Amino acid sequence: MALSGREKRYLKSLANTLPAIIQIGKSGISENLLKQIDDTLVAREILKLTILNNCEIDVNEISLKICLALNADLVQVIGHKITIYKKNTQKQIIIFP
């Protein structure tokens, strides 16, 4: 599902006050990390990640890999912070039509 500009702006405003819950470091992306991210997305629908300085993979590449692996939507990348959204069947976050 591709997000429209209006939907992205709304999700960015929601994510503005959220803390970054998960950190990605030197080991990069693993199956356990993807499982943890997916579980968090099921519970919250929107998630902010931090990429640490010692990570050898580019931030944009990491965000693309995570979104493709989890079938999630990338909301924004600012510096070393990534915001990801994945629609939940129970619809916790209501996005404008």
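Residues numbered from 1 in each chain as written. Predicted model: local features only at pLDDT ≥ 70, side-chain atom pairs only at ≥ 80, totals over all residues. Heavy atoms only, no water.

## Side note on the pattern of salt bridges
Summed over the entire model, instances satisfying the criterion amount to 3 salt bridges. Among the ionic pairs, Lys-35 bridges to Asp-39, the shortest N-O distance being 3.0 Å. Here Lys-35 pairs with Asp-39, and both are found in helix α2 (residues 31-44), just 4 residues apart, close to one helical turn. Assessed through its relative accessible area of 39%, Asp-39 is described here as partly exposed. Between Glu-61 and Lys-65 there is a salt bridge, and its shortest N-O distance comes to 3.4 Å. On the criterion of helical spacing, the pair formed by Glu-61 and Lys-65 is a turn pair, its members being 4 residues apart in helix α3 (residues 59-70). Taking the relative accessible area as the measure of exposure, Glu-61 reaches 39% and is therefore partly exposed. (Salt bridge = Lys/Arg side-chain N within 4 Å of Asp/Glu carboxyl O. Helix = DSSP H or I, 4+ residues; strand = E, 2+ residues; numbered from the N terminus. Buried < 20%, exposed > 50% of the residue type's maximum accessible area, 1.4 Å probe, protein only.)

## A short note on the packing of α2 against α3
Two numbers describe how α2 lies on α3: the axes approach to 11 Å, and their chain directions differ by 65 degrees. Taken together, the axes of α2 and α3 are roughly perpendicular relative to one another. Remark: the crossing between α2 and α3 carries right-handed chirality. Along the contact surface, α2 presents Leu-34, Ile-37, Asp-38 and Leu-41, while α3 presents Ile-66, Ala-69 and Leu-70. Here the contact of α2 with α3 is composed, by residue class, of 6 nonpolar, no polar and 1 charged. (Axes fitted to C-alpha atoms, helices over the stretch in contact; angles between N-to-C directions. Parallel < 35°, antiparallel > 145°, perpendicular 65-115°, else oblique. Left-handed = near helix turned anticlockwise from the far one by under 90°. Contact = heavy atoms within 4.5 Å. Nonpolar A, V, L, I, M, F, W, Y, C, P; charged D, E, K, R; others polar.)

## Things to note about α2
Helix length check: α2 (14 residues) gives 20 Å between terminal C-alpha atoms against 20 Å at 1.5 Å per residue, within 8%. Along α2, the positions that sit buried rather than exposed are Leu-33, Leu-34, Ile-37, Thr-40 and Leu-41. Taken down its axis, α2 places every buried residue within 130 degrees of arc, on the same side. Opposite the packed face of α2, turned more than 90 degrees from it, sit the exposed residues Glu-31, Asn-32 and Lys-35. For α2, the elements touching its buried residues are β1 (22-24), β2 (46-51), α3 and β4 (81-85). Taken from the residues just after α2, Glu-45 is the one with a positive phi, measuring 75 degrees. (Expected span 1.5 Å × (residues − 1). Arc of directions from axis to C-beta.)

## Observations regarding unusual backbone geometry
It is generally the case that most residues other than glycine have a negative phi and that most peptide bonds are trans. A positive phi angle, near 75 degrees, is found at Glu-45, a position not held by glycine. Position of Glu-45 among the secondary structure elements: in the loop between α2 and β2.

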